[in-house]
Amino acid sequence: MDAITNNLTPAQADAVTHIDGPLLIIAGPGSGKTRVVTHRVAHMLSQGVQPWQIAALTFTNKAADEMRTRLERLAPGQAVWMGTFHRFCAQQLRRYAPYVGLSENYSIYDMSDSKSAMKRAIQAAGVSTSHATPEQIASAISKAKNRLITPEIMQQQTGRAGDSVAARVYPVYQQQLLLANAVDFDDLLYHFARLLRENPEIRGELDAKLKYIMVDEYQDTNLAQYAIVRAMSVDHPNLAVTGDPDQSIYGWRGADLNNILDFEKDYPSVKTVRLEQNYRSTPNILAVADQLIRHNRRRKAKELYTENADGDNVILRQYDDGYQEADAIADEIAEQMMAGTAEPRDFAIFCRMNALTRSLEHALRSRGLPYQIINGVEFYQRKEVKDLLAYLHLVNNPNHDVALQRIINTPTRSIGATTLGRLQAFADAQRIPMLEAARRASEIDSMSKRAQTMLWNFVTLYDRLRRMATAPLEELLRFLIEETKYISYLERTAVEKEDSNPIANVDELVSAAVEFDRMHPDDGSLEAFLEQVALVSDTDKFEDAGNRVTLMTLHAAKGLEFPRVFVIAVEDDLLPHYRSKQDDQQLEEERRLLFVGITRAQQWLQLSYAKRRSVRGDIRVVIPSMFLSELPRADMNVIEARTDRDFFDDGADESYPDSWDLVQEPAPQDDAEKEYTGDAGSVIPDVYRDPSASPAKVKAKRTTPTIAASLQTA
Ligand code: ATP
Ligand code: MG
């Protein structure tokens, strides 16, 4: 009991010891909201609540893992369900699949699968894409699902031309998904929310079983998520949510701030706890964050204070270009490490978009600094990995048309586009999955004898694989690689690039299968493995174990903390993003995004922007983000770039807006002047060296690259 409530402020303890009845914890960043959730679970367990009565819903798998680790310390060996909304819904849907028209072995389509499915649905619906691009149609349908709007309702709502196109595609898309026994990400929430609404007995059952539901980062829930937790907290309204309206950054994905603002209306008996002390950051960092967020008009002002010691001033730094920014940041990290004040894991570099990390990667790699990019989906998107997963998907779910289309001719077996087109048309006409259509190839009029044989060969191969479906995953995977002669196919076709090695990726997938078998000796199944892979989110490949610099997007950084933070490219059109600038609400969301970035920092923070940045090979003159002019610059270290490089555009400086008058201060530590001398290997302690960085790439001397050279490395 003591370990659980010790080291809490009175307000935190108040929230932790509240067991029955609705609870709202509303507080700013770093005030211990997430910590309260963990301690509250431990406290409930100590008071006799059963572990299976509790579910803690988080926004990322990483957040759930962290919570589990912390709980393990407070209450060892207790199996409390902790995970993301999507995972929660995926698991519930396995039990109740038939209620929404699925079978329990249903597949989860990832982004690219959904995209293929959408293309096919657009085709089948026979709509023209001149009013709306496939992306716009997909986004309209996704928004509809997040708001629990059914195809029927969407069709009744008359809207813009683009929307009515989406309304015609939506029912076709849904029907094709169901036929494929598949769901997209939005469906996980959508189907489950509807299941609860349409089946009172199931709703009642779950409400009674999961008596205590907790949601961290509630400000980022959308209507579907709201409906789900609300439905499960009717008879037992012990719903506890934490949130910070100032950190709501998923409006573009349908998150609705009203969910948190209306919580007190939804649950009149709610106990509301406010936490005001920040335990994370220095007063300097907090002051910068506070000053920025005050510029949002749609907010309730909150006071945050900290007893933490004063730290370094926050740095606002201008660089000549993105490459200099990358080089200087890598140098700064190396310097701080050599000074013995920090380790690689202390550093995080945040940016608005993943594409911005490329020059940073190069700079870090060339100094032998270990780093990780938090972009979990990437590995599973590689061609060879996707191919093998598609085989697994099809073995698990014979109706998975997207998978079938991917692999029916991979490795090549002379099944061309024409054959495939005929197969798809037959499947569409008969409303049967394509594999089924392939079995009935002889009934397809236009199908040549030769094509029929090829299809028949594929079906036989499939049946051989299918017989292995219940074998341990590793065995199945090795068998399929063997049977399809996949490696020799790769050897024939794949081009090895500098940073990708297809055969090594296949090995890595096999290792993942081995690991999965080891972790799930009894309950391991193909289905569970595929589910896990499908639900990998941005932050999943994050490994605390590695002592590495972390590169991630601002969105993925939510909820995390790092001693030393760089936020790069705080520039107009990036942050705020150009698409958000026209709309006041979206602009405020962009400001919150920067606020989230700033408030991740514990001791040290630098915000930077460049004068010029290359975007897809184009050098563009940059306008600093308007947010930078909102910061308390008098209390910050403002460092201007020394223009020591000759660019072909000398007049660039004139294009800076007048309002942007940088306070000129002598640069206390101008990296541009320092030479990075000696072999990087000798200055950076061996333990930090990234084994994957090849010594050949380590620059012996830091040189200022010319634009041409920079472009080559881009
Ligand atoms: P965010 O809004 O960014 O998600 P949060 O409110 O969830 O922030 P936490 O991550 O729970 O904040 O806490 C921030 C840091 O402060 C953590 O390192 C946590 O361990 C620490 N902390 C919180 N409360 C206390 C306390 N009472 N004593 C000591 N440390 C604390
Ligand atoms: Mg938190």
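Refer to the structure printed above.
Residues numbered from 1 in each chain as written. Chains lettered and ligands numbered in written order. Predicted model: local features only at pLDDT ≥ 70, side-chain atom pairs only at ≥ 80, totals over all residues.

A few points about the overall build of the chain
Step number 1: The helix and strand tally for the chain stands at 30 helices and 16 strands.
Step number 2: In the chain, once contacts between residues fewer than 6 apart in sequence are set aside, the share between residues at least 24 apart is 79%. (Helix = DSSP H or I, 4+ residues; strand = E, 2+ residues; numbered from the N terminus. Contact = placed C-beta atoms within 7 Å.)

Remarks on the nonpolar core
Step number 1: Among the nonpolar cores identified, the biggest contains 125 residues, and A56, I137 and V169 are the most heavily contacted of them.
Step number 2: In contact with V169, not counting residues within four places along its chain, are A121, I122, A125, V127, I137 and I141.
Step number 3: With 67 residues, the next largest nonpolar core counts L292, Y323, L575 and L631 among its residues. (Core = buried A, V, L, I, M, F, W, Y, C linked by C-beta atoms within 7 Å. Buried ≥ 20, exposed ≤ 12 C-beta atoms within 10 Å, placed from the backbone.)

Focus: the site of ligand 1
Step number 1: In the neighbourhood of ligand 1, 19 residues make up the surrounding shell, with G32, K33, T34, R35 and Y279 lying closest.
Step number 2: A class-by-class count of the residues in the shell around ligand 1 yields four nonpolar, ten polar and five charged. (Near = placed C-beta within 6 Å. Nonpolar A, V, L, I, M, F, W, Y, C, P; charged D, E, K, R; others polar.)

Quick notes on the packing of helix α5 (residues 85–96) against helix α10 (residues 185–198)
Step number 1: Close contact between α5 and α10 brings their axes to 9 Å; oriented N to C, the two are set at 55°. Between α5 and α10, the interaxial angle falls into the category oblique. As α5 packs across α10, the resulting crossing turns out to be left-handed. Along its contact with α5, which presents F85, H86, C89, A90, Q92, L93 and Y96, the element α10 presents F185, L188, L189, H191, F192 and L195.
Step number 2: In terms of residue class, the contact of α5 with α10 is built from ten nonpolar, three polar and no charged. (Axes fitted to C-alpha atoms, helices over the stretch in contact; angles between N-to-C directions. Parallel < 35°, antiparallel > 145°, perpendicular 65-115°, else oblique. Left-handed = near helix turned anticlockwise from the far one by under 90°.)

What about the environment of L292?
Step number 1: Of note, L292 is situated in helix α15 (residues 283–293).
Step number 2: By C-beta crowding, L292 is classed as buried, having 22 other C-beta atoms within 10 Å.
Step number 3: Separated by 177 residues in sequence, L292 and K115 place their C-alpha atoms 38 Å apart.
Step number 4: With near-sequence residues (within four places) excluded, L292 lies in contact with R591, L594, F595, I598, F627, E630 and L631.

Notes on the sheet that holds strand β2 (residues 54–58)
Step number 1: Pairing is parallel in the open sheet, where six strands are placed in the order β3-β2-β6-β7-β1-β8. Strand pairing shows two members of the sheet lacking a second neighbour, β3 (81–84) and β8 (271–275), which therefore form its edges. This sheet shows a mean twist of 15° between the axes of neighbouring strands, independent of strand direction.
Step number 2: Note: strand β6 (residues 212–215) against strand β7 (residues 238–243), four bridges, orientation parallel. When the sheet's bridge partners are listed, I213 is paired in β7 with L239. (Pairing = 2+ DSSP bridges.)

Considerations on the pairing of β2
Step number 1: Burial within β2 is extensive, with five of its five residues counted as buried.
Step number 2: A two-sided burial pattern is seen for β2, the buried positions comprising I54, A56 and T58 on one face and A55 and L57 on the other.
Step number 3: Pairing between β2 and β6: four bridges, direction parallel. By the bridge assignment for β6, A56 is matched with M214.
Step number 4: Following the chain from β2 across helix α4 (residues 61–74) to the adjacent parallel β3, one finds a crossover that is right-handed. (Right-handed = clockwise from strand over helix to strand, strands pointing away.)

Distances and angles like these do not, on their own, reveal function.
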